[in-house]
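Working through the structure, step by step
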Amino acid sequence: PHKTDEGLDREILSCSIFIYSLFTINQIENVKITKRQSPDFKAILKNSPVGIEHVRATDNNYKAVLTELKNKPKGTIIESSFFSPEGGLGKKTRNKSIVEKNGILSGPGEYNHSSEKKWAKYLINAIVKKTKLLNSKKFEKFPINILLVDDETPNMFINIELAREYLLREYKKNNWL
């Protein structure tokens, strides 16, 4: 069954709070979580408030293609090399990214670690978006503020170690460290 955004948010939040509690403050009992806005959730951990914001690192064109894929024959694939964190994918090109069984791939392909670089850029874009929100007056800041990034990028085959290196490089370019 398809989950609503709120259902997914709660599921991700529950897992993340459990892991965060376990590794940082060794408390997984008596955690109180409240749904709200800016940040998305407020948690009380060890009597200390924690703000939790959630963002999806994704590509709207990719999400549209995933929806279209449900109506295609079995064996149809998505050629992910068409997608870019810079966007700009038109409907005609978006349709080319759907390749039915035994079809011919026609995209630019992935080379020179382009999948890992694109993955890092998708995540940085999501972080930048939420950093702007964090710095706005409408965002309530807490002693601890956590950003949960849900990876829904179109990069299906990446070397995660290499991708993390590119993510760290992109992160440092933004002068946040």
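One can find the structure itself at the top, above this paragraph.
Residues numbered from 1 in each chain as written. Predicted model: local features only at pLDDT ≥ 70, side-chain atom pairs only at ≥ 80, totals over all residues. Heavy atoms only, no water.

1. Examining the sheet that holds strand S2 (residues 41–45)
Spelled out, the test is: The pairing criterion for strands is at least two bridges between them, as found by DSSP. Elements are defined by DSSP. Helices are runs of H or I of four residues or more, strands are runs of E of two residues or more, and each kind is numbered from the N terminus. Note on geometry: axes are lines fitted to C-alpha atoms, helical ones only across the stretch in contact, with angles between N-to-C directions running from 0 to 180 degrees.
With mixed pairing, the four strands of this open sheet are ordered in space as S1-S2-S3-S6. Single-partner strands in this sheet number two, and they are strand S1 (32–35) and strand S6 (144–152). Each strand of the sheet is rotated relative to its neighbour by a mean of 25°, with strand direction disregarded. Strand direction decides the pairing type here: S1 and S2, joined by four bridges, are antiparallel. Bridged to Lys35 within S2 is Phe41.

2. Observations regarding the packing of helix H4 (residues 114–134) against helix H5 (residues 160–173)
The cut-off we apply is this: In what follows, roughly perpendicular refers to angles from 65 to 115 degrees, roughly parallel to angles under 35, roughly antiparallel to angles over 145, and oblique to any angle outside these ranges. Each crossing gets its handedness from the near helix: less than a right angle anticlockwise from the far helix is left-handed, clockwise is right-handed. Note on definitions: a residue-residue contact is assigned when non-hydrogen atoms from the two residues lie within 4.5 Å.
Between H4 and H5, the shortest axis-to-axis distance is 8 Å and the interhelical angle comes to 45°. Judged on the interaxial angle alone, H5 and H4 are oblique. H5 is crossed by H4, and the crossing has right-handed handedness. Residues Glu116, Lys117, Trp119, Ala120, Lys121, Leu123 and Ile124 of H4 form the contact with H5, whose own contacting residues are Ile160, Leu162, Ala163, Arg164, Tyr166, Leu167, Glu170 and Tyr171.

3. Some remarks on H5
For clarity, the cut-off: Helix span is expected to be 1.5 Å times the residue number reduced by one. Per-residue accessibility, obtained with a 1.4 Å probe over protein chains only, is compared with the maximum for each type, and a residue is labelled buried under 20%, exposed over 50%, and partly exposed between these values. Here the arc refers to the directions that run from the helix axis out to each C-beta atom.
Between the first and last C-alpha of H5 there are 20 Å, a value that for 14 residues agrees with the 20 Å anticipated at 1.5 Å per step. If you check which residues of H5 are buried, you get Leu162, Ala163, Tyr166, Leu167 and Glu170. In an axial view of H5, the angular spread of the buried residues amounts to 145°, which keeps them on one side of the axis. Considering only its buried residues, H5 is in contact with H4.

4. Some details on the pairing of strand S3 (residues 48–58)
The buried fraction of S3 amounts to eight of the 11 residues, a majority that puts the element mostly inside the structure. Across five bridges, the pairing between S2 and S3 is antiparallel. Pairing of Lys42 across the sheet is with Gly51, part of S3. Taking the residues between adjacent antiparallel strands as the criterion, S2 and S3 are bridged by two residues, where Lys46 takes a positive phi near 55°.

5. With respect to the pattern of salt bridges
When the charged atoms of two side chains lie near each other, side chains of opposite charge can form a pair. We count it as follows: Here, a salt bridge means any Lys or Arg side-chain nitrogen found within 4 Å of an Asp or Glu carboxyl oxygen.
All chains considered together, the criterion is met by nine salt bridges. Across the salt bridge formed by Arg94 and Glu68, the nearest N and O atoms sit 3.7 Å from each other. Of the two residues, Arg94 is situated in helix H3 (residues 91–96) and Glu68 in helix H2 (residues 60–69); the sequence distance between them amounts to 26 residues. In this structure Arg94 comes out as buried when scored by relative accessible area, which is 14%. Take Glu68: its relative accessible area is 21%, and that puts it in the partly exposed class. Lys173 is paired through a salt bridge with Glu170; the nearest N and O atoms lie 3.1 Å apart. Separated by three residues within a single helix, Lys173 and Glu170 lie in helix H5, roughly one turn from each other. Classification of Lys173 by relative accessible area gives exposed; the value is 60%.

6. Looking at unusual backbone geometry
Following Ser38, the chain continues into Pro39 via a peptide bond in cis, with omega recorded as 5°. Within the secondary structure layout, Pro39 lies in the loop between S1 and S2. Of note in this structure, Asn102 is not a glycine but carries a positive phi near 65°. Its place among the elements puts Asn102 in the loop between strand S5 (98–99) and H4.

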